[in-house]
Amino acid sequence: MTIWRLSDEEIDAMSADERRALIRRLQLPPERVLPRPEIVRIHRGVRLTLMVGGSIALIPWIVYLAVSLPPDYQAHNWPLTWVGFDSLLVIMMAMTAYLGWQRRQLLLLPAFGTGLLLLVDAWFDITTANPRDVWFAIAIACLGEIPLAILQITGALLLFKFVTEAHPLADPGVSAWRTKLPF
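Described below are features of the structure shown in this document. (Residues numbered from 1 in each chain as written. Predicted model: local features only at pLDDT ≥ 70, side-chain atom pairs only at ≥ 80, totals over all residues. Heavy atoms only, no water.)

## Quick look at the overall build of the protein chain
Within the protein chain one finds 7 helices and 0 strands. Put simply, the protein chain runs from its N terminus to its C terminus through helices and strands in the order α-α-α-α-α-α-α. In summary, the protein chain has a C-alpha radius of gyration of 24 Å against a globular reference of 16 Å for 183 residues, an excess of more than 25%. In terms of its C-alpha atoms, the protein chain occupies a principal-axis envelope of roughly 80 × 40 × 30 Å. Relative to its full complement of 183 residues, the protein chain shows a buried share of 16%. (Helix = DSSP H or I, 4+ residues; strand = E, 2+ residues; numbered from the N terminus. Rg over C-alpha atoms; globule rule 2.2 N^0.38 Å. Buried < 20%, exposed > 50% of the residue type's maximum accessible area, 1.4 Å probe, protein only.)

As structure tokens, this is what we get:
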């Protein structure tokens, strides 16, 4: 077996395409990294079926709710609902802050999730506010929750774009939005 050694200067002299070709040759074969193809196929099929089925099933449910729900409703466990939701929001914000402080790639998941929770919070604050408080809820949403949500979601998407494009095997001509999963 011949052992090849490349100096730093030889690696520096390589083009991006040559480096990607070298990395592809050095990386572990997919069968050693990815789950077995039949497992991937089953999991993907189950997830896709659940998401498509759930999307279709929710349409008539939403129509039913729109025509059947009363305009007013006395909610049970109202404090528990809001305290629980806001507690989840605090946990997600803290995870986002911690992972950002630690400079971890995993940051993009809680950052995106925090942004979505902030949008949900704004929606429910506005739609459940009584008439005399609705303008306050709109102001809080417009001045706080929505801008922070946009910041979190766009930051997560930019981090995702960076991580995928900075990957040494990424094709520089293909957008992260068009890159297919390897399995």
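## A few points about the side chain of Thr 96
Considering the arrangement of structural elements, one finds Thr 96 in helix α5 (residues 78–101). At a separation of 3.4 Å, a polar atom in the side chain of Thr 96 contacts the main-chain amide nitrogen of Ala 111. Those residues in contact with Thr 96 that lie beyond four places of it in its chain are Leu 107, Pro 110, Ala 111, Thr 114 and Gln 152. (Polar contact = N/O pair within 3.5 Å; in protein donor to acceptor, adjacent residues only side chain to side chain. Contact = heavy atoms within 4.5 Å.)

## Examining the pattern of salt bridges
According to the stated counting rule, one finds 3 salt bridges in the structure shown. Across the pair Arg 20 and Asp 17 runs a salt bridge whose closest N-O atoms are separated by 2.6 Å. Here Asp 17 and Arg 20 lie together in helix α2 (residues 16–26), a separation of 3 residues that amounts to about one turn. Residue Arg 20 is classed as buried on the basis of its relative accessible area of 12%. As a salt-bridge pair, Arg 36 and Glu 38 come within 2.6 Å of each other at their nearest N and O atoms. (Salt bridge = Lys/Arg side-chain N within 4 Å of Asp/Glu carboxyl O.)

## Focus: the packing of α5 against helix α6 (residues 108–128)
Where α5 meets α6, the closest approach of the two axes is 9 Å, and the angle between their N-to-C directions is 150°. When the axis of α5 is compared with that of α6, the two are roughly antiparallel. The chirality of how α5 crosses α6 is left-handed. Residue-level inspection shows Trp 78, Trp 82, Phe 85, Asp 86, Leu 88, Leu 89, Met 92, Met 93, Met 95, Thr 96 and Leu 99 of α5 in contact with α6, the latter providing Pro 110, Ala 111, Gly 113, Thr 114, Leu 117, Leu 118, Val 120, Asp 121, Phe 124, Asp 125 and Thr 128. Partitioning the contact of α5 with α6 into residue classes produces 15 nonpolar, 4 polar and 3 charged. (Axes fitted to C-alpha atoms, helices over the stretch in contact; angles between N-to-C directions. Parallel < 35°, antiparallel > 145°, perpendicular 65-115°, else oblique. Left-handed = near helix turned anticlockwise from the far one by under 90°. Nonpolar A, V, L, I, M, F, W, Y, C, P; charged D, E, K, R; others polar.)

## So, helix α7 (residues 134–166)
For α7, spanning 33 residues, the distance from its first C-alpha to its last is 45 Å, which sits close to the expected 48 Å at 1.5 Å a residue. Within α7, the full set of buried residues consists of Val 134, Ala 137, Ala 141, Glu 145, Ala 149, Gln 152, Ile 153, Ala 156 and Leu 159. Where α7 is buried, its residues contact α5 and α6. (Expected span 1.5 Å × (residues − 1).)

## Examining a nonpolar patch on the surface
Among the surface-exposed residues, Phe 112, Leu 116, Leu 119, Ile 146, Ile 150, Leu 157 and Trp 177 lie close enough to one another that they form a single nonpolar patch of about 640 Å² accessible area. Contributions of two or more residues to the nonpolar patch are made by α6 and α7. With respect to the helices and strands, the residue Trp 177 is situated in the segment after α7. A residue is classified by how much of its surface remains accessible, and Trp 177, at 68% relative accessible area, is exposed. (Patch = residues over 30% accessible without salt bridge, like charges linked within 9 Å, V, L, I, M, F, W, Y side chains within 5 Å. Areas by Shrake-Rupley, 256 points an atom, 1.4 Å probe, with all protein chains shown as cover.)

## Observations regarding α5
With 24 residues, α5 should reach 34 Å at 1.5 Å per residue; the first-to-last C-alpha distance of 34 Å fits that figure. What α5 keeps buried is the set Trp 82, Phe 85, Leu 89, Met 92, Thr 96 and Leu 99. For α5, the elements touching its buried residues are α6 and α7. Looking one or two places after α5, you find Arg 103, whose phi comes out positive at around 60°.

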